[in-house]
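As a plain string of letters, each chain reads:
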Amino acid sequence: MPTLTPMSSPSSGDTTAHDGRATTLSGERGAGKAPREVAASLAAARRRVAAAAEHAGRSPGDVTLVVVTKSFGADAVRVLLDAGQVDIGESRAQELNAKRGETAGARWHFVGRLQRNKVRDVVGATTLIHSVDRAELATEIGDRASRQGLVQRVLVQVNAGGDPAKAGCAPDEAAALVRRIRATPGIACTGLMTIPPAGVDAGPVFARLRALRDDLGRRYPEVQSLSMGMSGDVEEAVAEGATIVRLGRAVLGARPDDAGHDGGRTARTEESER
Ligand SMILES: *Cc1c(COP(=O)(O)O)cnc(C)c1O
């Protein structure tokens, strides 16, 4: 049965024709799902998000689903695109570029830690960078975007759970960062993003991000979006007003590089650019 290819696996061999394209067969690691399973998981994830929205008295259309394909190959992106899923998330610049080169039609979201020296790879290539957490990064993005004659939309990532292991500015630094972005040409902040710490109740963390967005949004009306909610906590996030949710495992299954993840909501791996 054809399965999705891990990013790191050799792409040679084991290919077979499948509706006009080469489909890589399962490797020894058994990572990934068959395309049909992915389409079914995607439909289930959409139902899950829609049900959470309805439960919260919100319109399902107000929540954008981004499917995070990190550590899966371009074939995963193609399967998603075929199923009508165009919002795709990546957390490493190199993977983003590799998959962008091999696919067409995706709207890319950068959700990982971003180093300044990778900014050039991400600006202009993404509809939204979710992870701006410091002024130097904002300046670099603005410079690069201005040179390309565009305005890069970003979210400010806030460490709303106060987890020392997580990226993001402190909640009380967010307003200054938003103001800094507003004063910088080539970059616009359209909302906030957070990743809750592992092992805590995510609801209060999401509520904190929402309160911060409400506060900032009153002063800076372009600050609207709330990117929060992953496979383990999407219901809580939608209940607290998420407008963008980022699902990986719920759609694609365990990642090829998942080391002993617990299969539950505490497995919040944050990919970094090191
Ligand atoms: C990997 C990742 C996700 C998806 O996580 P899942 O638990 O697989 O749904 C979402 N957001 C960020 C920032 C990520 O790095």
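Structural notes, computed from the coordinates. (Residues numbered from 1 in each chain as written. Predicted model: local features only at pLDDT ≥ 70, side-chain atom pairs only at ≥ 80, totals over all residues. Heavy atoms only, no water.)

**Topic: helix α5 (residues 135–147)**
And then number 1: A rise of 1.5 Å per residue sets the reference length of α5, with its 13 residues, at 18 Å; its end C-alpha atoms lie 18 Å apart and thus fit the reference within 8%.
And then number 2: All of the buried residues in α5 are Ala135, Leu137, Ala138, Glu140, Ile141, Gly142 and Ala145.
And then number 3: Looking at the buried residues of α5, the elements they touch are α4 (119–122), β6 (128–132), β7 (152–157), α6 (174–182) and β8 (187–193).
And then number 4: The first or second residue beyond α5 is Gly149, which carries a positive phi of 70°. (Helix = DSSP H or I, 4+ residues; strand = E, 2+ residues; numbered from the N terminus. Expected span 1.5 Å × (residues − 1). Buried < 20%, exposed > 50% of the residue type's maximum accessible area, 1.4 Å probe, protein only. Contact = heavy atoms within 4.5 Å.)

**Observations regarding helix α3 (residues 93–102)**
Spacing of three or four residues puts side chains on the same side of an α-helix, whose turn is 3.6 residues.
And then number 1: Every buried residue of α3 is accounted for by Ala93, Glu95, Leu96 and Lys99. Down the axis of α3, the buried set is contained in an arc of 160°. They therefore lie on one face. Exposed and facing more than 90 degrees away from the buried side of α3 are Gln94 and Gly101.
And then number 2: Among the structural elements, α2 (74–82), β4 (87–90), β5 (107–110) and α4 are those in contact with the buried residues of α3. (Arc of directions from axis to C-beta.)

**Description of the site of the ligand**
And then number 1: If you check the shell around the ligand, you find 14 residues, and the closest are Lys70, Ser231, Gly248, Arg249 and Arg255.
And then number 2: Side-chain polar atom of Arg249 to an oxygen atom of the ligand: 2.7 Å apart, as the coordinates give it.
And then number 3: A distance of 2.8 Å separates an oxygen atom of the ligand from a polar atom in the side chain of Arg255.
And then number 4: Taking 380 Å² as the accessible area of the ligand by itself, protein coverage stands at 100%.
And then number 5: Considered class by class, the residues forming the shell around the ligand number six nonpolar, three polar and five charged. (Near = heavy atom within 4 Å. Polar contact = N/O pair within 3.5 Å; in protein donor to acceptor, adjacent residues only side chain to side chain. Areas by Shrake-Rupley, 256 points an atom, 1.4 Å probe, with all protein chains shown as cover. Nonpolar A, V, L, I, M, F, W, Y, C, P; charged D, E, K, R; others polar.)

**Remarks on the pattern of salt bridges**
And then number 1: Taken as a whole and assessed by the stated rule, the structure comprises 13 salt bridges.
And then number 2: Close ionic contact of Arg213 with Asp214 constitutes a salt bridge, the shortest N to O distance being 2.9 Å.
And then number 3: Overall, the relative accessible area of 30% leaves Asp214 in the partly exposed class.
And then number 4: With a shortest N-O distance of 3.1 Å, Arg219 and Asp215 are connected by a salt bridge. Here the residue Arg219 and the residue Asp215 both occupy positions in helix α7 (residues 202–219), the gap between them amounting to four residues, near one helical turn.
And then number 5: Classification of Asp215 as partly exposed rests on a relative accessible area of 31%.
And then number 6: If you follow the salt bridges from partner to partner, you end up with Glu90, Arg92, Glu95 and Lys99 in one network. (Salt bridge = Lys/Arg side-chain N within 4 Å of Asp/Glu carboxyl O.)

**Side note on the side chain of Arg246**
And then number 1: Residue placement: Arg246 occurs in strand β10 (residues 244–247).
And then number 2: For Arg246, which is buried and forms no salt bridge, the nearest opposite charge comes from Asp233, at a distance of 6.9 Å.
And then number 3: A polar atom in the side chain of Arg246 sits 2.9 Å from the side chain of Ser227.
And then number 4: Beyond its immediate sequence surroundings of up to four residues, Arg246 is in contact with Val66, Val68, Val111, His130, Met193, Thr194, Ile195, Ser227, Met228, Gly229, Met230 and Ser231. (Lys, Arg positive; Asp, Glu negative; His and termini not counted.)

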